[in-house]
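The primary structure of each chain is shown beneath.
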Amino acid sequence: MSPSLFNFIDARDKFVDSAKCALTGKSSKPLTHTFHQIPGNETEKKTTLDQALRGVLGDQIDQKKATCDDYLSLIYLSIDAVTEGICSATTPFLLLGDVLDCLPLDQCDKIFSFVEEKVSTWKSNSFYTAGKNYLLRMCNDLLRRLSKSQNTVFCGRIQLFLARLFPLSEKSGLNLQSQFNLDNITVFNKNEQESTLGQKHTEEKEENMEVEEGEMGEDDAPAPCSIPIDYNLYRKFWTLQDYFRNPVQCYDKFSWMTFLKYSDETLAVFKSYKLDDMQASKRKLEELRMSDGEHVYFAKFLTSEKLMDLQLSDGNFRRHILLQYLILFQYLKGQVKFKSSSCALNDDQATWIEETTKLVYQLLKEIPPDGDKFATMVEHILDTEENWNGWKNEGCPSFVKERTVDDKPKRPTRKRQAPEDFLGKGPDRKIFMGNDELTRLWNLNQDNMEACKSDSREFMPSLDEFFAEAIEQADPANMVEDEYKVVRNPNYGWRALRLLSRRSPHFFQPTNQKFKSLADYLDSMVSKLAKELPKDIPSEEIKTGEEDDDDNGDNLLKESNDSPSIQSKLVTNQQMDDIAAKLGAQWKSLASHLEMKAAELREIESDSEDVDMQAKLLLVAWQDREGTQATVDNLVTALNAAGFSQIADSLSEA
C-alpha cells in the first residue's frame, strides 16, 4: 500500500486549529501531537507549521481585539515549537517583525521589553545563527520610526540590546574608521541684530513667567549669574559645539586659533563663576533620586539666549561641556589607525591640551555634589577607552584564543618505584639517587638538613668584599674601560642583585632615576656603596691613596673616603624626611628651582597621593640625578630661591 500524499491545505488547517488549542491551554503538546500525526517529510511539515503560525497572527491583527499579551503568547508558542524541533528557527523572528510593523510605538515598547528579556534565548545555538540578521533588521526598522530627541531612552535600549546580542568583534557594530556624526548640528542664534541679550527684560520676564507647582520655589531658585552675559559670550560658547561635533577641524591652523580663543574665554567663565550655593541643587538631586531619574534626559542642548544664565548655574550642564572637552582632547592626542598623516599636533598645541586637561579636571572636582568622585570616575573611563582604541587599531582581533593542539606523542609513564628501591637498607641506610656521584654527595651526612645549617655553609660574601673589584674599577685613576668592568658581566650582575637585596638598604630605596641597563644601575649602586665603605679598608684595595688627591679632584672613591668634609655636606636621608614634612603640599614650588622636568613631576604625583611622600620623592629624584652634587649648600640655595628661608636656615644649622 503506497503512503498517502501530503496535502498542504489540510495540514495547514489542522496546524491552525492545534495552534489555537495550544494558545488556550498554554501548552505546545497539541502542536507536537498534530505534527507527528500528519503524514509527510519533516521539511514539508515545518514549512506548513510556519505558515499556520503566521496565519494565526494575521487573524489576531485583523480582529484588532488582541492585546500585546496575546501576541507574546503566540511568540512563546513558536519558541517552544523550535525547541521541540517541529518549527523553523526563523519563525519567532518573523512573527516579532510582523507584530512590530503593525503596532504603534507605545505598544512596541512592551513587545521590545520581551525581546530584551529573551536575549539569552536569542544567543543560544538554536536561534543565534538563524535570527541575528532578522533581529538586526527589526531593530533598524524601529530606530527609523523613533525620534532621537523624543524617544531617546527607547533608542538607547535598542542600541544596548544590540551590544548585548552581538559579540564585541562583530564588525557591523564597530566604528572602525572613527567617523563622526556630522548631522548632529547645534542650532543657535547667529544674528546679533536679533539677540535679546543685554536688554533689560528681567522685570518683564518676572511679571510674565508663570512658575509651575513643584518646578521652582522661592528657596531653590538659582542665584542670579554674577558674570555679564552678552551676545559674544553666547555665540562663542555655542560655536564650540561645532568643534566637538567634528574634531578634525582642530588640525586646521585657523580653526585651531578660533577654538583656542573661544575655549579660553569659556573656561575662564567656568573658573571665575563657582557653584557654591548648592542647597537647591541638593534638593533637586534628592527628588530625582526618589523618581529613579525618570525625568533626566539630555538628548539635545537648549540654546535659547534666555536660558544662558540658568545653564551656567547648572552643575549637570557644566559637566556635559567639560566632558566634551576631555573626549575631544583624547581623540586629538590619541593614535587612530585611519587618521590622515596631516592630522598631527605641534608642540604648542600638545602643551596647551595638556594644561587645559588639568584645568578641566580641576573644574570637574569643584562642581558639587561629589565633584572629586565624578572626576575620578571620568578619568578611569577615559583610560579604559584607550584600551578599546588600541584594540580597534589592531584590527579588532577576537578575544577568544584558540587552544593549540599538541600533536606531540605523550611520553609513556613509568611505574613509580617502591620506597625500598631507593631508600637505604640496613644499618647505614644508604640512599641511592640513581647516579654514583649524586649518591655519594647525598650520603656525606646522615642528616642533610642539619648539615645545611652549619656555619661552614655560609657562602654569602659581605658587600665590601664582593664589590671591592667594582669599586676599584670605578676609580677614574685606574682608567678601566667600561666594556672591561665586572659590572658588564651578566653573571656578576645577577649575583650582585641577589646580594644587594639581602644586605643593602639602597636596593629598596625609591628612586625616579631611569637606567637603560643593569650595568648602569650597578654603576650607580657602586658609587653609593663607595661612600659608605669602612675607613679601615686597605688603600691598595680601593685605590684611595692620598698621592693622587691633587690630580684627581673628581675621583669618586676619594670623595667618599679621603674627603670626609665633602661627604658630610651631602644631604642625608633624615634631612630629606624633615624637609619633606615641612614642605608638605608646597613641594611643587621647590621643584622648579631643583630643575625638575614636568614629566618627572607627573610621575611623582602618580606614585603617591600623600603630599609628604611626594615631597620626599622629589628630593630623592634630585639626589639621584645630582649624585655627589646633592649637597646641603646646593639644597639651601634652592630653598632660599623658592622662598623657604626658614627651612633653609634650619638645614644650615643642622
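Analysis parameters
Residues numbered from 1 in each chain as written. Predicted model: local features only at pLDDT ≥ 70, side-chain atom pairs only at ≥ 80, totals over all residues. Heavy atoms only, no water. 1 Å grid on protein atoms, 1.4 Å probe; cavity = no way out; pocket = protein on both sides within 12 Å on 5 of 7 lines; lining within 4 Å. Points joined across faces, edges and corners; volume = space filled by probe spheres on them. Helix = DSSP H or I, 4+ residues; strand = E, 2+ residues; numbered from the N terminus. Domains from an automatic or database assignment. Core = buried A, V, L, I, M, F, W, Y, C linked by side-chain atoms within 4.5 Å. Buried < 20%, exposed > 50% of the residue type's maximum accessible area, 1.4 Å probe, protein only. Contact = heavy atoms within 4.5 Å. Nonpolar A, V, L, I, M, F, W, Y, C, P; charged D, E, K, R; others polar.

In the nomenclature of an unreviewed UniProt entry, the protein is known as THO complex subunit 1 of Betta splendens.

Q: Any chance you could break down the layout of surface pockets for me, citing the residues and the numbers?
A: Put simply, the second largest pocket is a space of about 1,100 Å³. For the lining of the second largest pocket, the secondary structure elements donating two or more residues are helix H15 (315-333), helix H16 (347-365), helix H17 (371-393), helix H29 (587-591), helix H30 (598-607) and helix H31 (611-626). The element best represented in the lining of the second largest pocket is H16, accounting for 7 residues. No fewer than three residues from each of domain 2 (231-286 + 295-394) and domain 5 (573-653) sit in the lining of the second largest pocket.

Q: I'd like a description of the nonpolar core, backed by residues and values.
A: In terms of nonpolar packing, the biggest core is built from 52 residues, with Val115, Trp122 and Phe161 touching the most fellow members. With 9 residues, the single largest contributor to this core is helix H4 (residues 68-84). Not counting chain neighbours up to four residues away, the residues in contact with valine 115 comprise Leu96, Trp122, Leu135, Met138 and Phe161.

Q: Account for empty space enclosed by the protein, with residues named and values stated.
A: Left-over empty space is what a probe sized like a water molecule reveals as it rolls over the atoms. The tally for this structure, following the rule as stated, stands at 2 cavities of 30 Å³ or more. Of the pockets and cavities examined, the second largest cavity occupies roughly 40 Å³. Residue classes in the lining of the second largest cavity are distributed as 5 nonpolar, no polar and 3 charged.

Q: Break down the environment of cysteine 155 for me, citing the residues and quoting the values.
A: Take cysteine 155: it is sitting in helix H9 (residues 152-165). Cysteine 155 gets classed as buried once you look at its relative accessible area, which sits at 10%. Sequence separation of cysteine 155 and arginine 144 is 11 residues, and the distance between their C-alpha atoms is 9.7 Å. Contact partners of cysteine 155, with chain neighbours within four places excluded, come to Leu143, Leu146, Ser147 and Lys148.

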